[in-house]
Amino acid sequence: MSADNSHADAVTFPEDFLWGTATAAHQIEGGNVNNDWWQWEHTPGSGCADSSGDACDSFHRWPEDVDLVAGLGLGAYRFSLEWSRIEPTEGEFSIAALDHYRRICGHCLERGLIPVVTFHHFTTPLWLSARGGWEAADAPERFGRFVARATAHLGDQIGWACTINEPNVIGVMGYTMGQFPPGVKDDFGRHLAVNENMLRAHRLAVEALR
């Protein structure tokens, strides 16, 4: 703002600048009962005021959500795949769940939106969480396998891919602050170990995507 007037200088963006919006599966879909966050929400003392429950019921109302994004004049929609729906038990993949996310990608493309697919947005399947989650030695390989399987089903419909949303947050909030699952406080050693595993998971995911 200039000193001699009260209006802000105009901010301009390139003509091809892409505007978009983003969501996370667990926060909007509802009914994601098979991941660590659902368990965390139902753990006394976790700090969660309520369960995510039905959330916005976006699992069923996703066409309305995509249409809202397009109606706002945006050009991209970032949404996440719920790993625990796609691989509810280790090594068992749901074609129905994969088809569901493929339909979302397809509808985005039909509405002129770039589908930006996030493969991990904070939630981890209970089968992996039960043996340590991101502390498990084979967690990166299990994530890489999931990304490979999901990409094989969705790949031609994906516009852009995001492997892991805010990977630093898992360690900070889950192992230092104790406010995310598994609720560990002030254990910087475990925090760093989780960070290392997530870095490896990202690399394996990128290999799978390519």
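As a starting point, this report considers the structure included with it.

Calculation notes
- Residues numbered from 1 in each chain as written.
- Predicted model: local features only at pLDDT ≥ 70, side-chain atom pairs only at ≥ 80, totals over all residues.
- Heavy atoms only, no water.
- Salt bridge = Lys/Arg side-chain N within 4 Å of Asp/Glu carboxyl O.
- Helix = DSSP H or I, 4+ residues; strand = E, 2+ residues; numbered from the N terminus.
- Buried < 20%, exposed > 50% of the residue type's maximum accessible area, 1.4 Å probe, protein only.
- 1 Å grid on protein atoms, 1.4 Å probe; cavity = no way out; pocket = protein on both sides within 12 Å on 5 of 7 lines; lining within 4 Å.
- Points joined across faces, edges and corners; volume = space filled by probe spheres on them.
- Nonpolar A, V, L, I, M, F, W, Y, C, P; charged D, E, K, R; others polar.
- Pairing = 2+ DSSP bridges.
- Phe/Tyr/Trp six-rings, centres within 6.5 Å; stacked < 30°, edge-to-face > 60°.
- Lys NZ or Arg CZ within 6 Å of the ring centre and 35° of its normal.

Further remarks concern the pattern of salt bridges. One pass over the full model with this rule turns up 12 salt bridges. Measuring nitrogen to oxygen at the nearest pair gives 2.7 Å for the salt bridge that ties R145 to E87. Taken as a pair, R145 in helix α7 (residues 139-154) and E87 in the loop between α4 (83-86) and α5 (95-110) lie far apart in primary sequence, 58 residues in all. Owing to a relative accessible area of 28%, R145 belongs among the partly exposed residues under this scheme.

Turning our eyes to something else, we now look at empty space enclosed by the protein. Scanning the model with the defined rule gives one cavity of 30 Å³ or more in all. Taken as a whole, the largest cavity spans an internal volume of roughly 90 Å³. Along the walls of the largest cavity sit 15 residues, with I28, S58, Y77, F79 and I104 positioned nearest its centre. Listing elements by their share of the lining of the largest cavity, those giving two or more residues are α1 (25-28), α3 (58-71), β2 (76-80) and α5. Take the lining of the largest cavity: its biggest share by element is four residues, from α3. Split into classes, the residues belonging to the lining of the largest cavity amount to nine nonpolar, four polar and two charged.

As a further point, take the pairing of β2. Of all five residues making up β2, five are buried, and the element is well covered by its neighbours. The alternating pattern of β2 places A76, R78 and S80 on one face and Y77 and F79 on the opposite face, and all of these are buried. Summarising the sheet, strand β1 (residues 20-22) and β2 pair through three bridges and their orientation is parallel. Bridge pairing in β2 links G20 to A76. Two elements, β2 and strand β3 (residues 114-120), share five bridges in a ladder whose sense is parallel. Each residue of the ladder has a partner; that of S80, found in β3, is T118.

Let's shift gears to the packing of aromatic side chains. In the structure shown here, the tally under the stated rule is 12 aromatic pairs. With a centroid separation of 5.6 Å and an interplanar angle of 65°, the aromatic rings of F122 and F180 are classed as edge-to-face. Taken as a pair, F122 in the loop between β3 and α6 (126-129) and F180 in the loop between α8 (167-176) and α9 (188-209) lie far apart in primary sequence, 58 residues in all. Taken together, the aromatic side chains of W83, F119, W127, W134, F143 and F146 make up a single cluster linked through ring pairs. Above the ring of F59, the side-chain terminus of R85 is found at 3.9 Å from the ring centroid.

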